[in-house]
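# Coordinate inspection notes
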Amino acid sequence: MEEKAYTPDEVAQIFQISKHTVYELIKRGELQAFKIGNKMRIEHAELERYKEKAKAPVKKTLVEPAPILKSQLIRLSGSHDFLVEHFTKQATSALNIQIQPSYIGSLEGLMMLYRGQCDIAAIHLLDPSSQEYNLPFIHQLFVYESILKLRLAAREQGFIVADGNPKKIQDFHDLTRKDIHFINRQKGAGTRFLLDSKLSSYGIDPRQINGYGTEEWNHLSAASYISRGMADVTFGIQSAASHLGLDFIPVAIENFDLVFRFTAENQQCLTELIDYLQSDNFRNSLTDLEGYSIQELGKITYQTSKTEETTC
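Below is a summary of the structure that appears in this document. Quick caveat: nothing in here was measured; it's all calculated off a predicted structure. (Residues numbered from 1 in each chain as written. Predicted model: local features only at pLDDT ≥ 70, side-chain atom pairs only at ≥ 80, totals over all residues. Heavy atoms only, no water.)

Right, let's talk about the side chain of Gln-157 for a bit. In this fold, Gln-157 is placed in strand 7 (residues 146–161). Assessed through its relative accessible area of 0%, Gln-157 is described here as buried. At 3.0 Å, the side chain of Gln-157 and the side chain of Glu-254 are in polar contact. With residues up to four places along the chain from it excluded, the contact list for Gln-157 reads His-124, Thr-191, Leu-194, His-219, Phe-235, Gly-236, Ile-237, Phe-248, Pro-250, Val-251, Ala-252 and Glu-254. (Helix = DSSP H or I, 4+ residues; strand = E, 2+ residues; numbered from the N terminus. Buried < 20%, exposed > 50% of the residue type's maximum accessible area, 1.4 Å probe, protein only. Polar contact = N/O pair within 3.5 Å; in protein donor to acceptor, adjacent residues only side chain to side chain. Contact = heavy atoms within 4.5 Å.)

A few words on the layout of surface pockets. A volume near 470 Å³ is recorded for the second largest pocket. Around the second largest pocket sit 20 residues that line it, and Gln-32, Glu-46, Arg-49, Leu-220 and Leu-244 are the ones nearest its centre. The residue inventory of the lining of the second largest pocket, partitioned by class, reads 6 nonpolar, 7 polar and 7 charged. (1 Å grid on protein atoms, 1.4 Å probe; cavity = no way out; pocket = protein on both sides within 12 Å on 5 of 7 lines; lining within 4 Å. Points joined across faces, edges and corners; volume = space filled by probe spheres on them. Nonpolar A, V, L, I, M, F, W, Y, C, P; charged D, E, K, R; others polar.)

A word on the packing of helix 5 (residues 82–94) against helix 11 (residues 267–277). Across the interface, helix 5 lies against helix 11 with an axial gap of 11 Å and an inter-helix angle of 115 degrees. The orientation of helix 5 with respect to helix 11, classified from their angle, is roughly perpendicular. The handedness of the crossing between helix 5 and helix 11 comes out as right-handed. For the pair formed by helix 5 and helix 11, the contact residues are Phe-87, Gln-90, Ala-91 and Ala-94 on the first element and Leu-273, Tyr-276 and Leu-277 on the second. Residues of the contact of helix 5 with helix 11, tallied by class, amount to 6 nonpolar, 1 polar and no charged. (Axes fitted to C-alpha atoms, helices over the stretch in contact; angles between N-to-C directions. Parallel < 35°, antiparallel > 145°, perpendicular 65-115°, else oblique. Left-handed = near helix turned anticlockwise from the far one by under 90°.)

Attention shifts here to helix 9 (residues 219–227). Of all the 9 residues making up helix 9, 8 are buried; the element is thus mostly covered by neighbouring parts of the structure. Restricting attention to buried positions, one finds in helix 9 the residues His-219, Leu-220, Ser-221, Ala-222, Ala-223, Ser-224, Tyr-225 and Ile-226. Measuring from the side-chain oxygen of the N-cap residue of helix 9 to the backbone nitrogen of Leu-220 gives 3.2 Å; that N-cap residue is Asn-218. Trailing helix 9 by a residue or two, Gly-229 shows a phi angle of about 75 degrees, which is positive.

Here we come to the pairing of strand 7. For strand 7, the tally of buried residues reaches 15 of 16 residues, placing the bulk of the element in the interior. Where strand 7 and strand 13 (residues 300–303) come together, 3 bridges link them in antiparallel fashion. Counted as the bridge partner of Leu-150 is Ile-300 from strand 13. Across 2 bridges, the pairing between strand 7 and strand 12 (residues 292–293) is antiparallel. What sits directly across from Ala-154, in strand 12, is Ser-293. Two elements, strand 7 and strand 10 (residues 233–237), share 5 bridges in a ladder whose sense is antiparallel. Residue Ile-160 lies in a different strand from strand 10, and its bridge partner there is Thr-234. (Pairing = 2+ DSSP bridges.)

Rendered as structure tokens:
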């Protein structure tokens, strides 16, 4: 018997929360969903996983959160990643700092940092002209702000396909085949930047790709189409393929960075978070690193002179 899949309205009724809250959980990557056409669905097993993860009554967690002092709340926006999830949980536990993540894509995360709507941006943006990650975008946006860029990891990006690669997908030209259905990431995602850069370099018109316009908001949601047999390939990180027992064809290694913007209000908290990221305790807490390299974990790869004065 096929497992029941719930609509966002049904999930809202089960958890006694608003439908808007359900969509926000999906957008942040906290609740995994998949699409059938334009319809969003959530599996019963995913609801049970989320309940276990919450470790508290869902209604109380979502509707009546414990009060948090403004100085203790740090907002993180940008790309979804399993190491970022791990960092937010570990840091919240180890330090008396609450991190509020919002997984909205690399470009949107950096723009929120620019607008002062968050304190940390998680990004992996490839500049097509220089083929350099992240720094060209930072230079365009931040001139007078106190900015620090810290390396979290290097990640493998590539094609995620069904176990055994039954369609024999090997390169970007295979995406244009008539028998191939593709699942894309949303505009502004770092993965989308890399994909479009590769398509351009090979002279491939995206309109030739069946499914190019079908977008998902995180790696697991996109990869779940492959595991369900609803698509043949997506472009994403190796760890997402591993989580779902799918095959992975490596294409590129990218730099995944955290960008900190210092203010008088968040300076102490951000300094503590950076110290924790660079600590042996955090490094030793990392497991299941397939598809990642943490050789440069905690390395400061860019900071403004103003930041140097502020943090010394």
